[in-house]
Amino acid sequence: MRSEQELVALAHASFCACFQKLAEHSPDGAIHESDGVFAFATGIRFSLFNGCIVTEQVATRKVDDALEWVEERGSPYRLWIVDELVAGFGDAPAQHGLELQPDPYPGMVLHPVPEAPPPAAGVEIEEAAPETARQVAVESGMPHAIAEQLYARSFADDPDVQLFAGRLEGRPVGTSVSIQGGGASGVVAVGTLPNARRRGVGTAVSWAAVDAGRRRGLDTVVLQASPMGLPVYEAMGFRTVVTYADFAATHPA
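These lines cover the structure that appears in this document, whether it is placed above or below. (Residues numbered from 1 in each chain as written. Predicted model: local features only at pLDDT ≥ 70, side-chain atom pairs only at ≥ 80, totals over all residues. Heavy atoms only, no water.)

## Side note on helix H2 (residues 60-71)
And step 1. Between the first and last C-alpha of H2 there are 16 Å, a value that for 12 residues agrees with the 16 Å anticipated at 1.5 Å per step.
And step 2. When H2 is considered as a whole, its buried residues turn out to be Val63, Asp64, Ala66, Leu67, Trp69 and Val70. (Helix = DSSP H or I, 4+ residues; strand = E, 2+ residues; numbered from the N terminus. Expected span 1.5 Å × (residues − 1). Buried < 20%, exposed > 50% of the residue type's maximum accessible area, 1.4 Å probe, protein only.)

Pasting the structure below:
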């Protein structure tokens, strides 16, 4: 079994590695990294896909430099700071026009990783083509141009990336993505269409992404939970090992 310190370190590393993988497959992608501060840009005009992650207490100037680097790329962005470090950076986020968001951003781990249970009755799981993932994303309200950038063919074909879809009555209604990196496997982009919720689709696609990491020999799976997803992941056995403060522009894209 891994220690708590090791699990927190894996949570940080996986969080950064997932965004690094996305940047690698974005035409305008780039990263800016130093001890304790990881900045990334994808060129996707959505704040979740550009930003800065701060995992250690470092000089405020170092965070300012990373945020300025992101800002120069012209896309909406976010800043995540480990909760207990926030006070040490004073009003630095506000000086960049960023506000603390009301919902916590928990980094959760599943360790060790059990075998996935079968999906709920009526739910079918498949490894998905990027076209299928885009279809579900667009039906859920994501602009088509962003879905095209997010689920690029090169991203889907990367050996460290697996896309999954959940179907009801043959129709794709949910997705998830598994990304291996940083010594763990990350679960990201879990979503279910509103009219298909509460039927086990979200849990099933989440387990599919979890199992992708287990089958590749990784003993820890990491994710960052939304308020809606938190109870689902807790029921699966995930637990929070670190919480990030989430900063965004007043009206984040």
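## Some remarks on the side chain of Asn50
And step 1. Note on placement: Asn50 falls in the loop between strand S2 (37-41) and strand S3 (51-54).
And step 2. Here Ile44 takes part through its backbone oxygen, which lies 2.7 Å from a polar atom of the side chain of Asn50.
And step 3. Only 3.2 Å separates the side chain of Asn50 from the backbone oxygen of Phe46, close enough to count as a polar contact.
And step 4. Filtering out sequence-adjacent residues up to four positions away, Asn50 remains in contact with Phe40, Ala41, Thr42, Gly43, Ile44, Val70, Ser75, Pro76, Tyr77 and Arg78. (Polar contact = N/O pair within 3.5 Å; in protein donor to acceptor, adjacent residues only side chain to side chain. Contact = heavy atoms within 4.5 Å.)

## Remarks on the nonpolar core
And step 1. Ranked by internal contacts, the top residues of the largest apolar core, which has 39 residues, are Cys52, Ile53, Leu79, Trp80, Phe89 and Tyr244.
And step 2. Elements with a minimum of two residues in this core: helix H1 (4-24), S2, S3, H2, strand S4 (78-82), strand S6 (105-110) and strand S12 (239-249).
And step 3. Among the elements that take part in this core, H1 stands out by supplying seven residues, more than any other.
And step 4. Ignoring anything within four residues of it in the chain, the contact list for Leu79 reads Cys52, Val54, Leu67, Pro93, Leu98, Ala245, Asp246 and Phe247.
And step 5. Listed in part, the 19 residues of the second largest apolar core include Ala152, Ala156, Ala165 and Val177. (Core = buried A, V, L, I, M, F, W, Y, C linked by side-chain atoms within 4.5 Å.)

Remember, this is a structural readout, not a statement about activity or role.
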